[in-house]
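# Chains, contacts and geometry: an overview
Residues per chain, in single letters:
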Amino acid sequence: MPKIIVESKNILRSRVARKNIKIYKLRINDERTEDIMPNVKNEIAMDYGKQTIQVYNSFFEKSPKKIIDVNSETQEYKITLHYKIWLILSLFHCIMTQLIIMQNINRAFVVISITMIEIAILIYFGAFELKEVKK
């Protein structure tokens, strides 16, 4: 039976995050879930063919659904932060800061609207990304 190896060591970097270890879940075909421990290579048995996988922990901490084709005995995947999304969110924060500095704009409206946009982006795209490790 083929298996995939999922590694998630790049997510937890700070000491506080390492003390509060979170167990992430891997949803396979919306049917079953497997626990993924951080800083460990997790081996998960899969079936041959196309599979839909998604890593999640909460409503905001998730990856987009990814369709993979399991065609070899072992395939390796790595969970990383979705850097493009975090770059977009930091740009929104810079825009929000610039708009708050301006005196003629309602600050509450700017903060609430940009925060709602950021939440929508995190819900739609996810905070994590699942990448295949090329050998």
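Residues numbered from 1 in each chain as written. Predicted model: local features only at pLDDT ≥ 70, side-chain atom pairs only at ≥ 80, totals over all residues. Heavy atoms only, no water.

## Comments concerning the nonpolar core
- If you look at the biggest cluster of nonpolar residues, it comprises 16 residues, and the most contacted ones within it are Ile4, Leu26 and Met46.
- For this core, the secondary structure elements donating two or more residues are strand E1 (3-7), strand E2 (24-28), strand E5 (49-56), strand E6 (66-70), strand E7 (74-81) and strand E8 (128-132).
- If you tally residues by element for this core, the top one is E2, at three residues.
- Grouped together as the second largest cluster of nonpolar side chains are five residues, Ile85, Leu89, Ile121 and Ala127 included. (Core = buried A, V, L, I, M, F, W, Y, C linked by side-chain atoms within 4.5 Å. Buried < 20%, exposed > 50% of the residue type's maximum accessible area, 1.4 Å probe, protein only. Helix = DSSP H or I, 4+ residues; strand = E, 2+ residues; numbered from the N terminus.)

## What to know about helix H2 (residues 83-101)
- For H2, built from 19 residues, the straight-helix expectation of 27 Å at 1.5 Å per residue is met to within 8% by its first-to-last C-alpha distance of 27 Å.
- In this fold, the buried residues of H2 make contact with helix H3 (107-125). (Expected span 1.5 Å × (residues − 1). Contact = heavy atoms within 4.5 Å.)

## A look at the pairing of E1
- Buried residues dominate E1, accounting for four of its five residues.
- Sheet topology places E1 next to strand E4 (residues 41-45); five bridges connect them, and they run antiparallel. When the bridges of E4 are listed, Ile5 appears paired with Glu43. (Pairing = 2+ DSSP bridges.)

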